[in-house]
Amino acid sequence: MKTLPKVFWVVATIATFPMVVNADIAWTGGADDGGNVLTPGNWDGGTVPGASDRAQIGDAPEAVLSGSWAPQYLDIGTTGPLTVGSGGELSVTTVSDGATVAYGSVRMGAAAGAAGVLNIDGGTMTVYSLNTPNYAATSTVNMVSGTLNATGWVDWGRNANGLATINQSGGTVNVGYNLWIGRDNSGTGIYNMSGGTLNQHTTGSFALGYKAGTTGRFSMGGGCSVSAVLIEVGSTGHGEFTQ
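Numbers given for residues are sequential positions, taken from 1 along each chain in its written order. Whole-chain, interface and lining totals are the exception, using all residues; otherwise, since this is a predicted model, local features are given only for residues with pLDDT of at least 70 and side-chain atom pairs are given and counted only at 80 or more. Hydrogens and water molecules were not included; the side-chain quantities draw on all heavy atoms of the structure.

### A few points about the overall build of the chain
No. 1: Runs of E in the DSSP output that reach at least two residues are strands. Runs of H or I that reach at least four are helices, and both are numbered from the N terminus. Within the chain, the regular secondary structure consists of 0 helices and 22 strands.
No. 2: Whether a residue is buried, partly exposed or exposed follows from its accessible area with a 1.4 Å probe, protein chains only, as a fraction of its type maximum: under 20%, in between, or over 50%, in that order. Within the span of the chain, comprising 243 residues, buried residues form 52% of the whole.
No. 3: Residues count as neighbours in contact if any of their non-hydrogen atoms are within 4.5 Å of one another. The contacts of the chain with a sequence gap of at least 6 include a subset with a gap of at least 24, amounting to 72%.
No. 4: Put simply, the chain shows about 8900 Å² of open surface, and 49% of that area lies on carbon and sulfur atoms. Note on areas: Shrake-Rupley with a 1.4 Å probe; residue coverage comes only from the protein chains shown.

In structure tokens form, the structure reads like this:
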């Protein structure tokens, strides 16, 4: 059992699996209401993305969620951060058409030069996977309070010219399978934990520097709690664990 500091800013983009998406709907923040995610006027076409849509939050004012929202995919790409605040409940849904399963996924920094930020401060976010794709982008997740549930895996740091950082200062992060910091493509992943709880459950692994050429760094301050089946420091890449 170990303790890690908890910082929570997220940069995200949706990862897709073969299944039809009804529409890609972009965030505009045009309603001038403080960035309420559930206001139709803040989305292109005046429609809030639903269970069969891909929501795209990019270069626009900050989006704030304080109610329940469940798109199929979520892309957080450039300078427009998403904050899941008190009372906010974000579920990036896993759906099936009877033949194909689409696993709800959030991709951070989903384009070259992007800078995506996800803040969780009092709300709940549930997703199958949270990952950074192979782009030279900056991805940041700031976990302040609340709960982040990744029922599948977290792949963090997948490009040699990108930077992926998770800052957890409070709240609870639950990972159902693999937590890989420094995943592949000579990428660097950083997890700074100054508070809160991190649980990597039952199966899979917690790896720092998962593949050759990658770098994974994990720092944990006092008052944190970390539970994992196995922590691999330098799985085949370079890993650092600081406590």
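Next comes the rest of the account.
### Some thoughts on the pairing of strand 13 (residues 163-168)
No. 1: Counting buried positions along strand 13 gives 5 out of 6 residues, so the element sits mostly inside the fold.
No. 2: Strands are labelled as partners when DSSP assigns at least two bridges between them. Bridge analysis of strand 12 (residues 138-156) against strand 13 gives 6 bridges, and the strand direction is parallel. Opposite Asn142, over in strand 13, you have Asn167 as the bridge partner.
No. 3: As judged from the 5 bridges shared by strand 13 and strand 16 (residues 188-193), these two strands associate in the parallel manner. Bridge assignment links Ala164 to a residue of strand 16, and that residue is Gly189.

### A word on the packing of aromatic side chains
What characterises a pair of aromatic rings is the spacing of the ring centres plus the angle enclosed by the ring planes.
No. 1: Each Phe, Tyr or Trp ring (for Trp, its six-membered ring) is paired with any other whose centre lies within 6.5 Å, and the angle between the two planes then decides the class: stacked below 30 degrees, edge-to-face above 60, tilted in between. Across all of its chains, the model carries 7 aromatic pairs by this definition.
No. 2: Between Tyr191 and Phe218, the ring centres sit 5.1 Å apart and the planes meet at 40 degrees, which makes this aromatic pair tilted. A residue pair is termed long-range when its members are at least 10 positions apart, and Tyr191 in strand 16 and Phe218 in strand 19 (residues 215-220) qualify at 27 residues.
No. 3: Judged by its relative accessible area of 1%, Tyr191 is buried.
No. 4: Accessibility expressed as a relative area gives 1% for Phe218, which makes it buried.
No. 5: The rings of Tyr191, Phe206, Phe218 and Phe241 are connected pair by pair, giving a single aromatic cluster.

### Looking at unusual backbone geometry
Where the residue is not glycine, phi is negative for most of them; where a peptide bond is considered, it is trans in most cases.
No. 1: Of note, Asp32 is a non-glycine position whose phi angle comes to about 55 degrees, a positive value.
No. 2: A positive phi angle is found at Asn185, which is not glycine, with a value near 55 degrees.
No. 3: Relative to the helices and strands, Asn185 is located in the loop between strand 15 (179-181) and strand 16.
No. 4: Residue classification places Asn185 among the partly exposed positions, given a relative accessible area of 39%.

### Overview of the environment of Asp53
No. 1: Here Asp53 lies in strand 2 (residues 53-57).
No. 2: By relative accessible area, Asp53 is classed as buried at 11%.
No. 3: Taking the C-alpha atoms as reference, Asp53 lies 6.0 Å from Asp24; in sequence the two are 29 residues apart.
No. 4: Separated by 3.3 Å, the side chain of Asp53 and the backbone nitrogen of Ala23 make a polar contact.
No. 5: Here the side chain of Asp53 touches Gly50 through a polar contact of 2.8 Å, landing on its backbone nitrogen. Polar contact is the term for a pair of N or O atoms within 3.5 Å; when the atoms are in protein, one must be able to donate a hydrogen and the other to accept it, and sequence-neighboring residues count only if both atoms are side-chain atoms.

### Regarding the nonpolar core
Considering soluble globular proteins, one finds that nonpolar side chains tend to be buried as a cluster.
No. 1: Residues belong to one nonpolar core when they are buried, are Ala, Val, Leu, Ile, Met, Phe, Trp, Tyr or Cys, and are joined through side-chain atoms within 4.5 Å. Leu74, Leu82, Leu90, Leu118, Trp156, Leu198 and Phe218 are the most contacted members of the largest nonpolar core, which has 44 residues in total.
No. 2: Ranked by the residues each element gives to this core, the list is headed by strand 12, at 6 residues.

### Examining the side chain of Ser205
No. 1: Within the secondary structure, Ser205 sits in the loop between strand 17 (197-200) and strand 18 (206-208).
No. 2: The class of Ser205 is buried, set by a relative accessible area of 10%.
No. 3: For Ser205, the side chain forms a polar contact with the side chain of Trp180, separated by 3.2 Å.
No. 4: A polar contact is formed between the side chain of Ser205 and the side chain of Glu232, at a distance of 3.5 Å.

### So, the pairing of strand 5 (residues 73-76)
No. 1: With burial as the criterion, each face of strand 5 is covered, one bearing Tyr73 and Asp75 and the other bearing Leu74 and Ile76.
No. 2: Sheet analysis places strand 2 next to strand 5, joined by 4 bridges and oriented parallel. The residue of strand 5 that forms the bridge with Ala55 is Leu74.

### Regarding the confidence of the model for the chain
No. 1: pLDDT: the predictor's confidence for each residue, scored from 0 to 100. Considering every residue of the chain, the mean pLDDT works out to 84; 85% of them sit at 70 or more.
No. 2: Within the model, pLDDT remains below 50 along residues 1-20, and this stretch shows 160 contacts once partners closer than five positions in the same chain are excluded.

### Thoughts on the pattern of salt bridges
Oppositely charged side chains can form a pair if their charged atoms are brought close together.
No. 1: What counts as a salt bridge is simple: a side-chain nitrogen of Lys or Arg found within 4 Å of a carboxyl oxygen of Asp or Glu. Applying the stated criterion across every chain, the model contains 6 salt bridges.
No. 2: A salt bridge links Arg158 to Asp155; the nearest nitrogen and oxygen atoms lie 4.0 Å apart.
No. 3: Asp155 gets classed as buried once you look at its relative accessible area, which sits at 5%.
No. 4: Ionic contacts of the salt-bridge type, sharing partners, join the residues Asp155, Arg158, Arg183 and Asp184 into one network.

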